[in-house]
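# Geometric and topological summary
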Amino acid sequence: MPINLEISKTLATFAQQAHEVAEHVFRPISRKYDRAEHQYPVELDMLAKVMDGMREGAGHGVGAVGRAKHEPTNGAAREVRNGSNMAAVLGMTELCWGDVGLALTIPRQGLGNAAIAAVANEEQMQRFQGRWAAMAITEPEAGSDSASIKTTARLDGDHYVIDGEKIFVTCGERADAIVVWATLDKTLGRAAIKPFVVEKGTPGLEVVRLDKKLGIRASDTATIRLTECRVPRENLLGNPDVGVDRGFAGVMKTFDNTRPIVAAMSIGVACAALERTKELLASEGIITDYKSSFYRAAAAEAELYRLEAELEAARLLTLKAAWMADNGLPNSKEASMAKAKAGRVGNAITLRCVELCSSAGYGETELLEKWARDSKILDIFEGTEQIQLLIVARRLLGKSSDQLK
Ligand SMILES: Cc1cc2nc3c(=O)[nH]c(=O)nc-3n(C[C@H](O)[C@H](O)[C@H](O)COP(=O)(O)OP(=O)(O)OC[C@H]3O[C@@H](n4cnc5c(N)ncnc54)[C@H](O)[C@@H]3O)c2cc1C
């Protein structure tokens, strides 16, 4: 299937709307919630209602394969799939141009919602519609190696009984439910790991603490404990069978959809930093002039061109990964390539922009130092850069996760 990264009018309008939210809702409160860590940004409630309406109109969420009619460029009628994943990538890029932490804490847009969209059956999709769901995989002794999680789920009559501890749960306190990954049988490894929707208020589910962080301070990050926590057996997302070739697929399918979105977040914040840096340098007489030779450019100007090229490479990889997801094509390798490249480039650009603007970059009168702090997490969560490169290597070399660790 030939790749088509053409952005339809509908998606372009959607991205423009997200940009306006970023500019008029996020930016004005960005510094406020960076300082007031753990305080819920009430301004987002109204925004969430608007986004609910937009999602209902679109009829699908992130992770679903969406179909959209595209305007033909050559006069011939043509239908291509370019749906929810592309919309999520374009929207997230714009929202994170505004503020990464705020984008991460928009009600009902959690990572758990992406997991539900990726692996839930029809009945579960209906039942959990409208919930704000966080996602809890990471444990004190299982981060990158998510297959080694120790949280257990044991079937007892009509319920699963879940026991374990989860750390670094984004929106763990604010969400209505948490998608908890637990093993049905530790001896069976990754095949037995399943996601369970645990609703807030379920006895045995406890938010132990909130963490203080380097960046994305508008987003809450919680440690949760599950002690004999009973959830209805219908809350196991997807297939309850422990099939050797199926088990861990749920986690991976979720990541294939969410990694391009995290890459998009990185692109958004890097874009914000570059844009502001160009404005500040222009006020000092360093103008980016794309018509003149690269070799005649001032050092700072040449550096801006180099950073822009890196950003564009990351952006294209990300669009490709999202396009593949929308078209039902296996995209694990491309999703990891996009996440690895965008994560690294986002960190490098935001930090270089701090340097290029020196005191203005480092001080709190500008948001540049905040963007550099915020961008770091995008190279860590949803799988670190090193883990993404490992996944790409496995795919290219045809090795399993046991063969290449
Ligand atoms: C702010 C924040 C929010 C988060 N939100 C969530 C969330 O909502 N849900 C959730 O489940 N988790 C979440 N996480 C957890 C995050 O996904 C993990 O931190 C991440 O997967 C890395 O795990 P770790 O911290 O245990 O590091 P480790 O796995 O201990 O890794 C430490 C270092 O070693 C490297 N490394 C590890 N293994 C290898 C290898 N085989 N080859 C080469 N290098 C390797 C890593 O790349 C890293 O640099 C969040 C984390 C943070 C900080």
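One can find the structure itself at the top, above this paragraph.
Below: a short report on this structure. Since this is a predicted model, take the numbers as computed values, not measurements.

Turning to the state of the cysteines, a few remarks are in order. What the rule picks out here adds up to zero disulfides. Left without a disulfide partner, C96 is nearest to the cysteine sulfur of C271, which lies 11 Å away. Looking at C96, the relative accessible area reads 0%, which means it is buried. In this structure C171 is not part of a disulfide, and its nearest cysteine sulfur, from C96, lies 12 Å away. Residue class for C171 comes out buried when judged on its relative accessible area of 1%.

Turning our eyes to something else, we now look at the layout of surface pockets. Each pocket or cavity is described by its volume, and for the second largest pocket that value is around 280 Å³. Along the walls of the second largest pocket sit 16 residues, with L90, T93, E94, I267 and R315 positioned nearest its centre. Of all the secondary-structure elements, those providing two or more residues to the lining of the second largest pocket are α3 (84-98), α7 (249-282) and α8 (299-326). Residues that form the lining of the second largest pocket fall into these classes: 10 nonpolar, two polar and four charged. Residues lining the lining of the second largest pocket come from more than one domain, with at least three contributed by each of domain 1 (9-119) and domain 3 (246-397).

Let us now look at the site of the ligand. Around the ligand, a shell composed of 21 residues is seen, among which T138, S144, F168, T384 and Q386 lie nearest. With respect to the ligand, the backbone of M135 contributes an N or O atom lying 2.8 Å from a nitrogen atom. In the model, an oxygen atom of the ligand is placed 2.6 Å from a nitrogen or oxygen of the Q386 side chain. About the coverage of the ligand: the protein hides 66% of its 980 Å² of free accessible area. Every element with two or more residues in the shell around the ligand is listed here: β3 (133-136), β5 (159-170) and α11 (385-397). Mapping the shell around the ligand onto the domain boundaries places at least three of its residues in each of domain 2 (132-235) and domain 3 (246-397).

Conventions used here
- Residues numbered from 1 in each chain as written.
- Predicted model: local features only at pLDDT ≥ 70, side-chain atom pairs only at ≥ 80, totals over all residues.
- Heavy atoms only, no water.
- Disulfide = S-S within 2.5 Å.
- Buried < 20%, exposed > 50% of the residue type's maximum accessible area, 1.4 Å probe, protein only.
- 1 Å grid on protein atoms, 1.4 Å probe; cavity = no way out; pocket = protein on both sides within 12 Å on 5 of 7 lines; lining within 4 Å.
- Points joined across faces, edges and corners; volume = space filled by probe spheres on them.
- Helix = DSSP H or I, 4+ residues; strand = E, 2+ residues; numbered from the N terminus.
- Nonpolar A, V, L, I, M, F, W, Y, C, P; charged D, E, K, R; others polar.
- Domains from an automatic or database assignment.
- Near = heavy atom within 4 Å.
- Polar contact = N/O pair within 3.5 Å; in protein donor to acceptor, adjacent residues only side chain to side chain.
- Areas by Shrake-Rupley, 256 points an atom, 1.4 Å probe, with all protein chains shown as cover.

Nothing here speaks to function; it is all geometry.
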